[in-house]
Each structure stands twice: as C-alpha cells, then as structure tokens.
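Observations on the model geometry
Spelled out, the chains give:
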Amino acid sequence: MQVRADFAAAVGNTPLIRMNRLSEETGCEILGKAEFMNPGGSVKDRAALWIIREHEKSGALACGGTVVEGTAGNTGIGLAHICNARGYPCVIYMPDNQSQAKVDILRTLGAEVRVVPTVPYRDEMNYQKQAGRFAAQLSNGVWANQFDNTANRLAHYQSTGPEIWQQTDGKVDAFVSAVGTGGTLAGVSRFLKERNANVYTALADCMGSALYSYVTTGEAVMSEGPSITEGIGNSRVTDNLDGAPVDSAVQVTDQQMVTIVYRLLREEGWFFGSSTGINLHAAVQVARELGPGHTVVTMLCDGGAKYQSRLFNRAWLAERGLSPD
Ligand code: PMP
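Following the criterion strictly, the structure yields 7 aromatic pairs and no others. On the numbers, 5.9 Å between centres and 55° between planes, the contact of Phe 36 with Phe 272 is tilted. With a gap of 236 residues between them, Phe 36 in the loop between strand E2 (29-34) and helix H2 (44-58) and Phe 272 in the loop between helix H9 (254-268) and helix H10 (274-290) connect regions that are remote in the sequence. Residue class for Phe 36 comes out partly exposed when judged on its relative accessible area of 23%. In this structure Phe 272 comes out as buried when scored by relative accessible area, which is 2%. Site record: aromatic cluster; members linked through ring pairs are Phe 36, Trp 270 and Phe 272.

A few words now on H2. Taking 1.5 Å as the rise per residue, H2 with 15 residues should run 21 Å; its terminal C-alpha atoms sit 21 Å apart, in good agreement. Those residues of H2 not exposed but buried are Lys 44, Asp 45, Arg 46, Ala 47, Ala 48, Leu 49, Trp 50, Ile 51, Ile 52 and His 55. In this fold, the buried residues of H2 make contact with E2, strand E3 (66-70), helix H3 (74-86), strand E6 (141-143) and helix H6 (151-167). Two residues or fewer after H2 comes Gly 59, characterised by a positive phi angle close to 90°.

The geometry of H9 relative to H10 is characterised by a closest axis approach of 8 Å and an angle of 95° between their N-to-C directions. Regarding the angle of H9 to H10, the classification is roughly perpendicular. In this structure, H9 contributes Gln 256, Met 257, Ile 260, Val 261 and Leu 264 to the contact, and H10 contributes Ser 274, Gly 277, Ile 278, Leu 280, His 281 and Val 284. Of the residues belonging to the contact of H9 with H10, the class tally is 7 nonpolar, 4 polar and no charged.

Here we have 6 strands laid out as an open sheet, ordered E1-E2-E10-E7-E8-E9, and mixed in their pairing. At either margin of the open sheet sits one strand with a lone partner, and together these are strand E1 (16-18) and strand E9 (248-252). For this sheet, the mean inter-axis angle between neighbouring strands, taken without regard to orientation, is 30°. Note: E2 against strand E10 (residues 295-300), 6 bridges, orientation parallel. Paired with Leu 31 across the bridge in E10 is Val 297. The strands touched by H10 are E2, strand E7 (174-178), strand E8 (200-206), E9 and E10; relative to E10, the strand with the most contacts, the crossing angle is about 170°.

Within the element layout of this structure, Val 91 appears in strand E4 (residues 90-95). For Val 91, a relative accessible area of 5% corresponds to the buried category. Along the chain, Val 91 and Ile 228 lie 137 residues apart, while their C-alpha atoms are 26 Å from each other. Here Val 91 is in contact with Thr 66, Val 67, Val 68, Glu 69, Glu 112, Arg 114 and Phe 134, once residues within four sequence places are set aside.

This next bit is on the pairing of E2. Counting buried residues along E2, 5 of its 6 residues qualify, which places the element largely inside the surrounding structure. When E1 meets E2, the two strands line up antiparallel, connected through 3 bridges. From the neighbouring strand, Leu 16 faces E2, where its bridge partner is Lys 33.

This brings us to the site of the ligand. The full set close to the ligand counts 14 residues, and Lys 44, Gly 180, Thr 181, Thr 184 and Ser 275 are the nearest of them. The contact in question runs from an oxygen atom of the ligand to an N or O atom on the side chain of Asn 74, over 2.9 Å. Within the complex, the protein chains bury 95% of what would otherwise be the 400 Å² of accessible surface of the ligand. When the residues that make up the shell around the ligand are grouped by side-chain class, the tally is 4 nonpolar, 8 polar and 2 charged.

In this section: the domain arrangement of the protein. Per the domain assignment, the segments making up the protein are domain 1 (8-37 + 160-317) and domain 2 (44-143). The C-alpha centroid of domain 2 is placed 25 Å from the C-alpha centroid of domain 1. Between domain 1 and domain 2, the contact holds 15 residues from the first and 10 residues from the second. Regarding the contact of domain 1 and domain 2, the summed buried area is about 870 Å², with carbon and sulfur atoms giving 46% of it. At the boundary of domain 1 and domain 2, one finds 3 salt bridges. Measuring nitrogen to oxygen at the nearest pair gives 2.7 Å for the salt bridge that ties Arg 46 to Glu 35. Summed over the shared surface of domain 1 and domain 2, the number is 7 residue pairs in polar contact (both at pLDDT 80 or more). For the side of domain 1 that touches domain 2, a count of residues per class yields 3 nonpolar, 5 polar and 7 charged.

Definitions and cut-offs
Residues numbered from 1 in each chain as written. Predicted model: local features only at pLDDT ≥ 70, side-chain atom pairs only at ≥ 80, totals over all residues. Heavy atoms only, no water. Phe/Tyr/Trp six-rings, centres within 6.5 Å; stacked < 30°, edge-to-face > 60°. Helix = DSSP H or I, 4+ residues; strand = E, 2+ residues; numbered from the N terminus. Buried < 20%, exposed > 50% of the residue type's maximum accessible area, 1.4 Å probe, protein only. Expected span 1.5 Å × (residues − 1). Contact = heavy atoms within 4.5 Å. Axes fitted to C-alpha atoms, helices over the stretch in contact; angles between N-to-C directions. Parallel < 35°, antiparallel > 145°, perpendicular 65-115°, else oblique. Nonpolar A, V, L, I, M, F, W, Y, C, P; charged D, E, K, R; others polar. Pairing = 2+ DSSP bridges. Near = heavy atom within 4 Å. Polar contact = N/O pair within 3.5 Å; in protein donor to acceptor, adjacent residues only side chain to side chain. Areas by Shrake-Rupley, 256 points an atom, 1.4 Å probe, with all protein chains shown as cover. Domains from an automatic or database assignment. Buried area = accessible area lost by both parts, 1.4 Å probe. Salt bridge = Lys/Arg side-chain N within 4 Å of Asp/Glu carboxyl O.

Written as structure tokens, this is what we have:
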C-alpha cells in the first residue's frame, strides 16, 4: 500500500503535468509542477512545513508553542493546517487591504487573525514587523519570517528540486518561477544547477515589482504597476532570493496572465491562480528563446477558486481594462 501517514507527509511529491497546447505551440515540453495538489492547496505548504520543522529541530519551538507570521495568503493557510496537526496555536498578522475571504479561511482553519493598518514595509507598524515583535516577546513561540528565513528555500532545495530532477530523468533544460519570497526560485535553481550547470533559470516577474530590474541590471527598481496578481512580486531582495543562481528574467503583464489563465481553463480544463498565469506565460517565452526540443519546467502554484471575486470576475477585470477573451 502507498499511504501517506499524515498532513505533513501529504505535502510535496506533486505530479509534473504536461501543458499540451503550450508544448505543441512551442515545440518544447512545457511541464507544470502541480503544487495546487498539496493538502493546503498551494506551493506554500512546503515552506510552511520546513519552517516549522527547522524551528522544532533547533529547539526554538517546543510542545504547545505559538507560530506567528505576517502573511496575507497561502503561507498562513499552510501554517494554520500544520499548526493544527501538531498542536501549535497560530497567530497571523494581515494588512487591512486584503479580501474578507482570506481572513475567513484562516479563522476557519483555527488561526487567530490580527488585521492591522496597511502601511509600507519601512514603517514599524507594517504587518510583518508587528508579527516579528509579537513573536519576540513570547517565551515559547517563533516568527515564521518566510521572507528572510532560509528554511523556506531549503524546502525547495530538498524537495521540489529533487522531485523535478527525478520526474524529468534529469532532462530539464530550464526552470521558470515567479517570486514572492524567492524560496521556490532560489531553492529549485540551486539544486538543478548543482546537478547540471547548464540548466537555464529564469525569474517571472509581474508588473509593479523590482525583481525584473534586479536580475537584468543588478539594481532593484520598481517597474510600473500595479498588478492584480497575488502572492508575487517584491520591492526588495529577500535573504531567500539573495545569491540565487538566476540567468534571466521575464516581465509579464496582467493581460498576458489573464489571457493564458482563461485559455487553459477553456481549452484544457485547468483552473489556475494568477501567479501560475505569470509562470506559464514566462515559460512559453523562455521556450521560444531556447527553440524547439527543450524541456521547460514551471510551477502551478495554486488553483483558481480563491480568485473568484477578482481574476474570475469579468466585471472586476473590465473595470481594470482587462479582458479574458
Ligand atoms: N504563487 C502563490 C500563489 C504564492 O502564494 C506565492 C508565495 N507568496 C508564490 C507564488 C511565490 O512563491 P515564493 O514565496 O516561493 O517566491
């Protein structure tokens, strides 16, 4: 019998799925890692699990200790699931510009959600800084700190990277990934390049982020935004992204993302979130640059259900000049 023992054991080992139309159009194999099949529903289950495990190993998190994070999205969901499974209270700080649906799901999963005013990162009242300060004064508690805690990229170095290598029999030519914290891109890129230095790695960036500029010029300068994507883009180079072996970057507009997400829904039945659209558009671009016959792998970060009121709401898109057709 092939039985996974518990929630943690159900994280990872996701299938690698061929994107058929995109592969046929480019003459390449465009393959997506099905992270939406993780038990918490996204790629962030891996980071959440590794962060908690590393804190347990170091002794910073003991029985009944509290896990604290500043997050608006998938990391909080992953942490809340794992905290329940392991008996840790979970406290999530979130800015007040997020949809009520996100607050509701975290509360349903049992997390204590503290909604705080939306202020920039440099402000001491920023939600991430408040999370760090609250965790620091707990006697048995940790700050997950997904942006700068490198247990995040370690998750992808130890799990996602080896899975991709094995699932492609080492025949991967390129890896493409959007960046929020940078854990995915940094961890997978490092692993694959250690196996084969010729694997080409590319950062897929949304508008209103500084990372395209960082990779192409060495300086993190924000591009014109904003973007309707969620969970990706960054104004700074996190500790997780720092030093990642990245060869190039591709900038993807919201319209390009919307077009590919709706195409795959209509043509092949896939229901993906916005960061997956950024990844797939960039993967096609990289495939075109490399030419036919190459294998390009990217991440299918999460499913579309969480994006019902925005990405999958035609009126909301139209107000922003975006069209699914
Ligand atoms: N896609 C989604 C839906 C996410 O929630 C995130 C993480 N915020 C990412 C992509 C980016 O992953 P990473 O943090 O590893 O860069």
